[in-house]
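# Chains, contacts and geometry: an overview
Spelled out, the chains give:
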Amino acid sequence: MAKTPARTNRERTETTRLALTEAARTLFVSKGYGDTSTPEIAMAAGITRGALYHHFNDKRDLFRQVLLLEAQAVAADIDAATPDELGPRDALLVGSEAYLKAMTVPGRTRLLLIDGPAVLGLAEMMSMDDATSANSLRQGLARAGMGRGEVSLDALARLLSAAFDRAALEIDAGADAAKVRAAMLWLLSRRSRPRGTRPRLARPCARATWPPCRAASIRAWSA
């Protein structure tokens, strides 16, 4: 019988860190950062508390890693939804929908937009955002030519990013998701359309039928 190859130190490290971040995420979402202890996290991950501190400096350091993984997942969803063959304006609108959809993953809005700024501070969260989803937005705005020669691209990206975060918070709090999405896309479609044209707004998609009718909506907003 062939022997199972022994795992390398790197593989063991990655497995342990993954177990810790997954256990920590579950507890941070269900109990909140303040009410979650490192012994609880270690127990849920099936490792010792000493092993936790071998991989992370403290609870805050582990929380930062959890948030970074969440932010990277959002950016990955946006990138996956906006292949290179999409036109600049279509990519901007589709990417915007992808962000709002990605933020509906249970617990994500609380982690990134509520507990994250409270624990790590606004400056650190903005830096993390700038390296992930906000960077995707900035690139989309640049490709679509929004604000070109009129306003600062960085300032525009930050303001629109804040609007998207508010939209995600509204949806997480129980607002009509279709109406919030439609409002955000309306805003972008008006700002990204060629001068002298008027966008034709499609009827907002119902949540249950959102994916099938997204393409039709994008075509209408982009006309």
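Keep in mind the model is a prediction, meaning the values are calculated, not measured.

### Looking at the overall build of the chain
Helix and strand counts for the chain come out as 11 helices and 0 strands. With 223 residues in all, the chain has 41% of them scored as buried. In the chain, the proportion of contacts linking residues at least 24 apart, taken out of those at least 6 apart, comes to 65%.

### Observations concerning the nonpolar core
Ranked by size, the top nonpolar core spans 47 residues in total, and within it F28, I41, L67, Y99, L112, L141 and M146 carry the most contacts. Apart from residues lying up to four places away in sequence, F28 is in contact with Y33, T36, I41, K59, F63, V66, R110, L111 and D115.

### Focus on the packing of aromatic side chains
Aromatic ring pairs: the centre-centre distance and the angle between the two ring planes describe each pair. Per the stated rule, a full pass over the model turns up 4 aromatic pairs. For the pair F28 and F63, a centre-to-centre distance of 5.0 Å together with 90° between the ring planes defines the contact as edge-to-face. Residue F28 is located in helix α1 (residues 9-31), and its partner F63 is located in helix α4 (residues 59-81); the two are separated by 35 residues in the primary sequence. Residue F63 is classed as buried on the basis of its relative accessible area of 0%. Taken together, the ring pairs in this structure connect F28, Y33 and F63 into an aromatic cluster. It is K59 that lies over the ring of Y33; its NZ or CZ is 4.2 Å from the centre.

### A few points about the confidence of the model for the chain
When pLDDT is averaged along the chain, the result is 85; 83% of the residues meet or exceed 70. In the model, residues 195-223 has pLDDT below 50 throughout and makes 44 contacts with residues more than four positions away in sequence or in other chains.

### Here we look at α4
With 23 residues, α4 should reach 33 Å at 1.5 Å per residue; the first-to-last C-alpha distance of 34 Å fits that figure. Among the residues of α4, the N-terminal cap falls to D58, whose side-chain oxygen and the backbone nitrogen of R60 are separated by 3.2 Å.

### Overview of the packing of helix α5 (residues 88-102) against helix α8 (residues 133-144)
For the pair α5 and α8, interaxial distance at closest approach is 8 Å and the crossing angle is 160°. As summarised for this structure, α5 and α8 are arranged roughly antiparallel, according to the angle between their axes. Regarding α5 and α8, the two cross each other, and that crossing is left-handed. In this structure, α5 uses P88, A91, L92 and Y99 to contact α8, whose residues at the interface are S133, L137, G140, L141, R143 and A144. Broken down by class, the residue content of the contact of α5 with α8 amounts to 7 nonpolar, 2 polar and 1 charged.

### Some points on the pattern of salt bridges
Inspection of every chain in the model, using the stated rule, returns 12 salt bridges. Residues R138 and D130 are paired through a salt bridge, measuring 3.6 Å at the closest nitrogen-oxygen approach. By relative accessible area, which is 19% here, R138 ends up buried. Here the salt bridges share partners, and the residues they tie into one network are R60, D61, R64 and E124.

### Thoughts on the environment of A45
Within the element layout of this structure, A45 appears in helix α2 (residues 38-45). Taking the C-alpha atoms as reference points, A45 and L18, 27 residues apart in sequence, are found 9.0 Å from one another. If we skip the residues at most four places from it in the chain, A45 touches A19, L20 and A23.

### Focus: the side chain of S96
Topologically, S96 is positioned in helix α5. The residues touching S96, leaving out its near neighbours within four places in the chain, are F164, L185 and L188.

### Observations concerning helix α7 (residues 122-130)
Since one α-helical turn is 3.6 residues long, residues separated by three or four positions face the same way. Restricting attention to buried positions, one finds in α7 the residues M125, M128 and D129. Summarising the axial view, the buried residues of α7 lie within an arc of 100°, below the 170-degree limit, and thus occupy one face. Looking at the buried residues of α7, the elements they touch are α4, α6 (108-120), α8 and α9 (153-172).

### As for the packing of α8 against α9
At their nearest, the axes of α8 and α9 sit 9 Å apart, and the two run at 125° to each other. Here α8 is positioned oblique relative to α9, judged by the angle of their axes. With respect to the hand of their crossing, α8 and α9 are arranged in right-handed fashion. Mapping the contact onto sequence places A134, L137, R138, L141 and A142 in α8 and L153, D154, L156, A157, L160, S161 and F164 in α9.

What counts, and at which threshold
- Residues numbered from 1 in each chain as written.
- Predicted model: local features only at pLDDT ≥ 70, side-chain atom pairs only at ≥ 80, totals over all residues.
- Heavy atoms only, no water.
- Helix = DSSP H or I, 4+ residues; strand = E, 2+ residues; numbered from the N terminus.
- Buried < 20%, exposed > 50% of the residue type's maximum accessible area, 1.4 Å probe, protein only.
- Contact = heavy atoms within 4.5 Å.
- Core = buried A, V, L, I, M, F, W, Y, C linked by side-chain atoms within 4.5 Å.
- Phe/Tyr/Trp six-rings, centres within 6.5 Å; stacked < 30°, edge-to-face > 60°.
- Lys NZ or Arg CZ within 6 Å of the ring centre and 35° of its normal.
- pLDDT = per-residue confidence, 0-100.
- Expected span 1.5 Å × (residues − 1).
- Polar contact = N/O pair within 3.5 Å; in protein donor to acceptor, adjacent residues only side chain to side chain.
- Axes fitted to C-alpha atoms, helices over the stretch in contact; angles between N-to-C directions.
- Parallel < 35°, antiparallel > 145°, perpendicular 65-115°, else oblique.
- Left-handed = near helix turned anticlockwise from the far one by under 90°.
- Nonpolar A, V, L, I, M, F, W, Y, C, P; charged D, E, K, R; others polar.
- Salt bridge = Lys/Arg side-chain N within 4 Å of Asp/Glu carboxyl O.
- Arc of directions from axis to C-beta.

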